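Below are the chains, spelled out letter by letter.
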Amino acid sequence: MKADMGGAAAVIAATLAAAELGVRVNVTTWVAATENMPSGTAIHPGDVLVARNGTTIEVLNTDAEGRLVLADALSLAAEQGPDAIVDVATLTGGQRVALGDQVAAVMGTDEALVRRVIAAGAAAGEPAWELPLFPGYRKHLDSEVADLRNVSAGPAASTITAGLFLKEFSGGCPWAHLDIASPSWSDVEDGWITKGATGWGARTLIELLEAWSFKAVSPRWRALRKPGSPTTC
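Residues numbered from 1 in each chain as written. Predicted model: local features only at pLDDT ≥ 70, side-chain atom pairs only at ≥ 80, totals over all residues. Heavy atoms only, no water.

**Concerning the nonpolar core**
1) Next: Judged by nonpolar contacts, the single largest core of 27 residues is most densely connected at Ile 57, Leu 70, Leu 74, Ile 85, Phe 165, Leu 166 and Phe 169.
2) Next: Among the elements of the structure, helix H2 (66-79), strand S3 (85-89), strand S4 (104-108) and helix H5 (158-167) are those that each provide at least two residues to this core.
3) Next: For this core, the element with the highest residue contribution is H2, accounting for seven residues.
4) Next: Counting 20 residues, the second-largest nonpolar core is a separate cluster that includes Ala 14, Val 106, Leu 113 and Leu 208. (Core = buried A, V, L, I, M, F, W, Y, C linked by side-chain atoms within 4.5 Å. Buried < 20%, exposed > 50% of the residue type's maximum accessible area, 1.4 Å probe, protein only. Helix = DSSP H or I, 4+ residues; strand = E, 2+ residues; numbered from the N terminus.)

As structure tokens, then:
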């Protein structure tokens, strides 16, 4: 559980740091937090849930519970009509298999936003590698009793199919997803990486917000921006 809350901890830390640094960007942080203890009202395999945006979800794996609360958080964020949504989550064991413990996975609906997240991670010393939201894998989330299931029907590409699951709740906004399942925790000290929780993602978000702040206040950026260009999704 100390590792599972790494995404929430990263966004809280980045939000507080952005405020202390005086970053000139309006930031709203949504933390999808819930109890993970079993009880008489706990979810069961086969349950069908209704997400905030009305999407029905068949629960096939109760250990993939984080994406269920994150779905509601993304839906809530999308309702605000932001310029962009960036989520950070310790989402899949497949991320470790694909990229190991020193590179996060990133996916998204907006290529420019994904590039900005990757650039921010490179500047922060938190490298990220883009994985494709391959539409051909979407069918692996099809359910016979709901709009989608909470895990893929097969074992392959679990990180990508998890990203495709979250995409369903981004509401058409520019959205990027950072899967930090493995980098969020380290068993050894390695350079600036501490043993235990690493805070992975917080530095990336701060770099991203500072770059965004520069674009917002820089006369050069304002001069380059086209008049009337949209600012919200």
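**What about the pairing of S3?**
1) Next: Counting buried residues along S3, four of its five residues qualify, which places the element largely inside the surrounding structure.
2) Next: Strand direction decides the pairing type here: S3 and strand S7 (residues 175-179), joined by five bridges, are parallel. Within S7, the position partnered with Val 86 by the bridge is Ala 176. (Pairing = 2+ DSSP bridges.)

**Looking at the sheet that holds S3**
1) Next: One open sheet holds the four strands; their spatial order is S3-S7-S4-S5, and the pairing between them is mixed. Of all the strands in the sheet, the pair left with one neighbour each is S3 and strand S5 (128-130). Recorded for the sheet is a direction-independent mean angle of 25° between the axes of neighbouring strands.
2) Next: This element, H2, spans S3 and S7 of the sheet and lies at about 165° to S3. (Axes fitted to C-alpha atoms, helices over the stretch in contact; angles between N-to-C directions. Contact = heavy atoms within 4.5 Å.)

**A look at helix H4 (residues 111-124)**
In an α-helix, one turn spans 3.6 residues, which is why side chains three or four residues apart end up on the same side.
1) Next: Spanning 14 residues, H4 covers 20 Å between terminal C-alpha atoms, matching the ideal 20 Å at 1.5 Å per step.
2) Next: Within H4, burial applies to Leu 113, Val 114, Val 117, Ala 120, Gly 121 and Ala 124. Taken down its axis, H4 places every buried residue within 125° of arc, on the same side. Within H4, the exposed residues directed more than 90 degrees away from the buried face are Arg 115, Ala 122 and Ala 123. (Expected span 1.5 Å × (residues − 1). Arc of directions from axis to C-beta.)

**So, the packing of aromatic side chains**
1) Next: Following the criterion strictly, the structure yields three aromatic pairs and no others.
2) Next: Relative to Tyr 137, the ring of Phe 134 has its centre 4.8 Å away and its plane inclined at 80°; by these criteria the two rings are edge-to-face.
3) Next: When its relative accessible area of 41% is taken as the criterion, Phe 134 is described as partly exposed.
4) Next: Between Phe 165 and Phe 169 the ring centres are 5.3 Å apart and the planes differ by 50°, which places this aromatic pair in the tilted class. Each of the two residues, Phe 165 as well as Phe 169, counts as buried.
5) Next: For the cation-ring pair, Arg 116 lies above Trp 212, with the distance from its terminal atom to the ring centre recorded as 3.9 Å. (Phe/Tyr/Trp six-rings, centres within 6.5 Å; stacked < 30°, edge-to-face > 60°. Lys NZ or Arg CZ within 6 Å of the ring centre and 35° of its normal.)

**Points about a nonpolar patch on the surface**
1) Next: Among the surface-exposed residues, Ile 12, Leu 16 and Val 31 lie close enough to one another that they form a single nonpolar patch of about 250 Å² accessible area.
2) Next: Looking at the secondary structure, you find Leu 16 in helix H1 (residues 6-21).
3) Next: Owing to a relative accessible area of 52%, Leu 16 belongs among the exposed residues under this scheme. (Patch = residues over 30% accessible without salt bridge, like charges linked within 9 Å, V, L, I, M, F, W, Y side chains within 5 Å. Areas by Shrake-Rupley, 256 points an atom, 1.4 Å probe, with all protein chains shown as cover. Salt bridge = Lys/Arg side-chain N within 4 Å of Asp/Glu carboxyl O.)

**Thoughts on the environment of Val 69**
1) Next: Following the sequence through the fold, Val 69 ends up in helix H2.
2) Next: Overall, Val 69 belongs to the partly exposed group, its relative accessible area being 25%.
3) Next: The sequence separation of Val 69 and Val 50 amounts to 19 residues, and the corresponding C-alpha distance is 11 Å.
4) Next: What Val 69 contacts, discounting residues up to four positions off in sequence, is Ala 32 and Thr 34.

**Quick word on the side chain of Ser 143**
1) Next: Along the polypeptide, Ser 143 turns up in the loop between S5 and strand S6 (148-149).
2) Next: Residue Ser 143 is classed as buried on the basis of its relative accessible area of 15%.
3) Next: Of the polar contacts made by the side chain of Ser 143, one reaches the backbone nitrogen of Val 145; its length is 3.1 Å.
4) Next: Within polar-contact distance, the side chain of Ser 143 engages the backbone nitrogen of Ala 146 at 3.1 Å.
5) Next: Apart from residues no more than four positions distant in its own chain, Ser 143 is found in contact with Glu 58, Leu 148 and Arg 149. (Polar contact = N/O pair within 3.5 Å; in protein donor to acceptor, adjacent residues only side chain to side chain.)

**Overview of the side chain of Thr 55**
1) Next: Mapped onto the secondary structure, Thr 55 falls in the loop between strand S1 (48-50) and strand S2 (56-58).
2) Next: Polar side-chain contacts of Thr 55 include one of 3.0 Å to the side chain of Asn 53.
3) Next: When neighbours within four sequence positions are excluded, Thr 55 is seen to be in contact with Leu 49, Val 50, Asp 147, Leu 148 and Phe 169.

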